[in-house]
Amino acid sequence: MLKTDILIVGSGISGLFFAMKTAKKRPDLSLVIMAKETAKNTNTRLAQGGIAVVTDLSADSFEQHIKDTLEAGGGHCDEEIVKMVVHQAPERLKELLEIGTSFDKNEEGKWDLGLEGGHSQNRILHHKDNSGLEIEQKLLKIIKQLPNVELWENHQVIDLNTDTKKDKTTCSGAFFYDKKHNRIKYIRARTIVLCTGGCGQLFENTTNPKIATGDGVAMAARAGAQIEDMEYIQFHPTALYSKSQNPLFLISEAVRGFGAYIVNEDQKRFLFKYDARGELATRDIISQAIFKELQYSAQDYMYLDCRHLDQDAFSYHFPMITSHCNENGINLKKDLIPIVPAAHYQCGGIKVNQNGRTGVKNLYAIGECARTGLHGKNRLASNSLLEALVFAHQASEDIDKTIAAFTYSSKIVIPKFPKAEQSNDYHVFDILKKELQILVTAFYTSGNCNAALTKAKIEILHEEAVSLIKSHEITIPFIEFSNMTATALLIIEQCKKQNTLSDPIKN
Ligand code: SIN
């Protein structure tokens, strides 16, 4: 039977950084990273902005970064966690630099620190406008050289194996789908670390890639872990409008930090009506303001205006955004960029402690799938890559100390699965997914939808999916779709509990 000391599910920054640190420190341990598609296909890769770190103590301070994070989080952050993350940031940054990650410097050779919404200081380290890609590439390169780490691509985890004794549940392995060999298999593990990202694909407009289907949250919930704050889905205010694209292309918040304006169809700025910080208010405030303007004006989009900016400097700082706009016929010197808010980040998730530990023994969660207490109701820009690094470090230290007590378990509770054979008919599931996205988006953004009715409709979609697999044996898209419906129901449930239905985005 397959076995590994540590199973890591997901190949974004959390999984890779955790694997790198743990494998280097503990060459005696075996680690397997499972990626449901290619290892490169992650949300990390799409992260444009960068990492918020206090590096210049003459202009900035840890206290200011802590204050900005707490304010953005709307009174719902865990202050001790915020302090821990902000204070650890320079050490984690040092580790990224040690593996050759490059961040931009100015002419004086100092960090070219970017500014983003909600930050009182320029403190964002970035690599042009593709910081996540730079980090992911450097980490993947190291991971491939580590003898005790195996990277299994196209391996989709289906469910966790758990054993409950005297009310204490322990996680001891995972069932997964080996897509290449078209087989469901099982792997035993002494510790499992979920790094599965968020659930942006539940929404019609999202900046998240197709893989962001809430898998980790759904699996952890089935295993009995506590899920919290799922009602706080962050909408990024400036995704490039498109009727047909999914995901939508992100126009980094750093563009507003660089001086871009948000304007309406009359080319007028309107954000000061909502917040004195205008374009540099936090994402929740700006997205809510744009939604309101869209509603009043019955338009499909607002605009980002970069025409007044130094175009050479702009394209130097934002080469990817510039070329994407050009390819789409938008000349930044002359044209306005059509934008809409899009689901961007899941602020809640699997509840973990300061070491990334869930309430299920041997099960950890790091990154967007986890609810650490850092983000509260609304994540401060560029705090997510930072959170991933800090919690990967914390979990790695914790597992180093505790794993000796965990032996392999041979007890397997075989869950009911659809047959292993599958036809590649994703089309029917695409239709079901679209219906689900419409339902969840309407529920979440209107604030007027009936939770009970939405829930009932989602349950019907789930039943349709079940009958499809019975008749057509379509397994892989079904696994994702069930995770999506389960996560959608958790969002509805938690919105109801918090009574946030009247204005969910505003939270
Ligand atoms: C952005 O560049 O606007 C995204 C960065 C983030 O989500 O923090």
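All of these numbers come straight from a predicted model, not from anything done at the bench. The residue numbers shown here count from 1 along each chain, following its written sequence. Totals for whole chains, interfaces and linings use all residues, but because this is a predicted model, local features are given only for residues with pLDDT of at least 70 and pairs of side-chain atoms are given and counted only at 80 or more. The side-chain numbers reported here are obtained from all heavy atoms of the structure, hydrogens and water having been left aside.

(A) Layout of the packing of helix H1 (residues 13–25) against helix H4 (residues 131–145). Between H1 and H4, the least distance of the axes is 10 Å, while the angle of their chain directions is 35°. In the packing of H1 onto H4, the handedness of the crossing is left-handed. Where H1 abuts H4, its residues Ile13, Leu16, Phe17, Ala19, Met20 and Lys24 lie against Ile135, Glu136, Leu139, Leu140, Ile142 and Ile143. In this classification, Asp, Glu, Lys and Arg are treated as charged, Ala, Val, Leu, Ile, Met, Phe, Trp, Tyr, Cys and Pro as nonpolar, and every other residue, Gly included, as polar. Grouping the constituent residues of the contact of H1 with H4 by class yields ten nonpolar, no polar and two charged. Axes here refer to lines fitted to C-alpha atoms; in helices the fit is confined to the stretch in contact. Angles between the N-to-C directions go from 0 to 180 degrees. The secondary structure listing takes helices from DSSP runs of H or I that are at least 4 residues long and strands from runs of E that are at least 2 residues long, numbered from the N terminus. In a left-handed crossing the near helix is turned counterclockwise from the far helix by less than a right angle, and in a right-handed crossing that turn is clockwise. The contact definition used throughout considers only heavy atoms, calling two residues in contact when any of these lie within 4.5 Å.

(B) Broad picture of the sheet that holds strand E12 (residues 302–305). Strand pairing is assigned whenever DSSP detects at least two bridges linking the two strands. Read across the sheet, four strands follow the order E10-E13-E12-E11 without closing on themselves; strand pairing throughout is antiparallel. The open sheet has two free edges, formed respectively by strand E10 (233–240) and strand E11 (261–263), since each of these has just one partner strand. For this sheet, the mean angle separating the axes of adjacent strands, direction not counted, is 45°. Here E12 pairs with strand E13 (residues 337–346) via three bridges, running antiparallel. The residue of E13 that forms the bridge with leucine 304 is isoleucine 337.

(C) Structural context of the state of the cysteines. When two cysteine sulfur atoms lie within 2.5 Å, the pair is treated as a disulfide. Enumeration according to the criterion identifies zero disulfides in this entry. Note on cysteine 77: no disulfide assigned, nearest cysteine sulfur contributed by cysteine 347 at a separation of 9.1 Å. Classification of cysteine 77 as buried rests on a relative accessible area of 17%. Any residue under 20% of the maximum accessible area for its type is buried, any over 50% is exposed, and the rest in between are partly exposed; the area is computed with a 1.4 Å probe on protein chains only.

(D) Seen up close, the environment of glycine 15. Here glycine 15 is to be found in helix H1. Among the residues examined, glycine 15 registers a relative accessible area of 0% and is labelled buried. Along the backbone, glycine 15 and histidine 65 are 50 residues apart, and their C-alpha atoms lie at a distance of 25 Å. In this structure, glycine 15 is in contact with Ile8, Gly10 and Cys195, ignoring residues within four places of it in sequence.

(E) Structural context of the pattern of salt bridges. Whenever a carboxyl oxygen of Asp or Glu lies within 4 Å of a side-chain nitrogen of Lys or Arg, that contact is scored as a salt bridge. Under the definition given, this model contains 36 salt bridges. The closest approach of N and O atoms between glutamate 91 and arginine 92, which form a salt bridge, is 3.9 Å. Here arginine 92 falls in the buried class, since its relative accessible area comes to 4%. Lysine 94 is the salt-bridge partner of glutamate 98, the closest N and O atoms lying 3.7 Å from each other. Within this pair, glutamate 98 and its partner lysine 94 are both found in helix H3 (residues 79–98), separated by four residues, close to a single helical turn. Of the two residues, glutamate 98 and lysine 94, both sit in the exposed class. Sharing partners across several salt bridges, the network here consists of Lys25, Arg26, Asp28, Glu397 and Asp400.

(F) Layout of the nonpolar core. Definition of nonpolar core: a set of buried residues of the types Ala, Val, Leu, Ile, Met, Phe, Trp, Tyr and Cys, connected through side-chain atoms within 4.5 Å. In this structure, Leu7, Leu160, Ile192, Leu194, Leu202, Ile350 and Leu436 are the most contacted members of the largest nonpolar core, which totals 56 residues. Looking at this core element by element, the count peaks at eight residues for helix H13 (residues 476–498). Among residues more than four places away in sequence, those in contact with leucine 7 are Val32, Met34, Ala174, Ile187, Ala189, Thr191, Ile192 and Val193. The next biggest cluster of nonpolar side chains, apart from the first, holds 53 residues, and it includes Ile99, Phe103, Ile135 and Leu139.

(G) Broad picture of the environment of isoleucine 187. Counting through the fold element by element, isoleucine 187 comes out in strand E8 (residues 183–194). Sequence-wise, isoleucine 187 and glutamine 234 are 47 residues apart; in three dimensions their C-alpha atoms are separated by 34 Å. Apart from residues no more than four positions distant in its own chain, isoleucine 187 is found in contact with Leu2, Lys3, Thr4, Leu7, Val32, Met34, Trp152, Ser172, Gly173, Ala174 and Phe176.

(H) Fine view of the sheet that holds strand E16 (residues 370–371). Judged by pairing direction, the sheet is mixed, and its three strands sit side by side in the order E9-E14-E16 without closing on themselves. Of all strands in the sheet, those bounded by a partner on one side alone are strand E9 (227–228) and E16. As paired elements, E9 and strand E14 (residues 349–351) share two bridges and run antiparallel to each other. By the bridge assignment for E14, glutamate 228 is matched with glycine 349. Lying on the sheet, helix H5 (residues 215–222) is in contact with E9 and E14; it crosses E14 at an angle near 40°.

(I) Highlighting the UniProt feature "domain: FAD-dependent oxidoreductase 2 FAD-binding" (unreviewed entry) in the chain. UniProt positions are given in the numbering used here, feature names are shortened, and annotations may be inferred rather than shown by experiment. The UniProt feature table records "domain: FAD-dependent oxidoreductase 2 FAD-binding" (unreviewed entry) at residues 5–385. Annotated as residues 5–385, this span is 28% helix and 23% strand, and its ends, taken at the C-alpha atoms, are 26 Å apart.

(J) Quick look at the packing of H1 against helix H10 (residues 384–402). Where H1 contacts H10, the axes come no closer than 8 Å and their chain directions differ by 35°. With respect to the hand of their crossing, H1 and H10 are arranged in right-handed fashion. Within the contact between the two elements, H1 uses Ile13, Ser14, Phe17, Phe18, Lys21, Thr22 and Lys25 and H10 uses Leu385, Ala388, Leu389, Ala392, His393, Ala395, Ser396, Glu397, Ile399 and Asp400. Of the residues assigned to the contact of H1 with H10, the class counts are nine nonpolar, four polar and four charged.

(K) A look at the site of the ligand. By convention in this text, a residue qualifies as near a molecule or strand provided that one of its non-hydrogen atoms is within 4 Å of it. Neighbouring the ligand are the residues Gln48, Gly49, His236, Leu250, Ser252, Glu253, Arg283, His344, Arg379, Ala381 and Ser382. By the criterion applied in these results, polar contacts are pairs of N or O atoms within 3.5 Å in which, for protein atoms, one can donate a hydrogen and the other can accept it, and in which residues neighboring in sequence qualify only through two side-chain atoms. Between an oxygen atom of the ligand and a main-chain N or O atom of glycine 49, the distance comes to 2.8 Å. Here an oxygen atom of the ligand sits 2.7 Å away from a polar atom, N or O, in the main chain of serine 382. Protein contacts shield 96% of the accessible area of the ligand, which totals 260 Å² for the unbound molecule. For the shell around the ligand, the class distribution of residues is two nonpolar, six polar and three charged. Surface accessibility follows the Shrake-Rupley procedure with a 1.4 Å probe radius. Residue values consider only the protein chains on display as shielding.

(L) Quick look at the side chain of threonine 213. Relative to the assigned elements, threonine 213 resides in the loop between E8 and H5. A distance of 2.8 Å separates the side chain of threonine 213 from the side chain of aspartate 215, its partner in a polar contact. Those residues in contact with threonine 213 that lie beyond four places of it in its chain are Lys36, Gly198, Cys199, Gln201, Glu480, Asn483, Met484 and Thr487.

(M) Quick peek at the pairing of E13. Most of E13 sits inside the fold, with ten of its ten residues counted as buried. Where E10 meets E13, six bridges bridge the pair, whose relative direction is antiparallel. Looking at E13, one finds that glutamine 234 is bridged to tyrosine 345.

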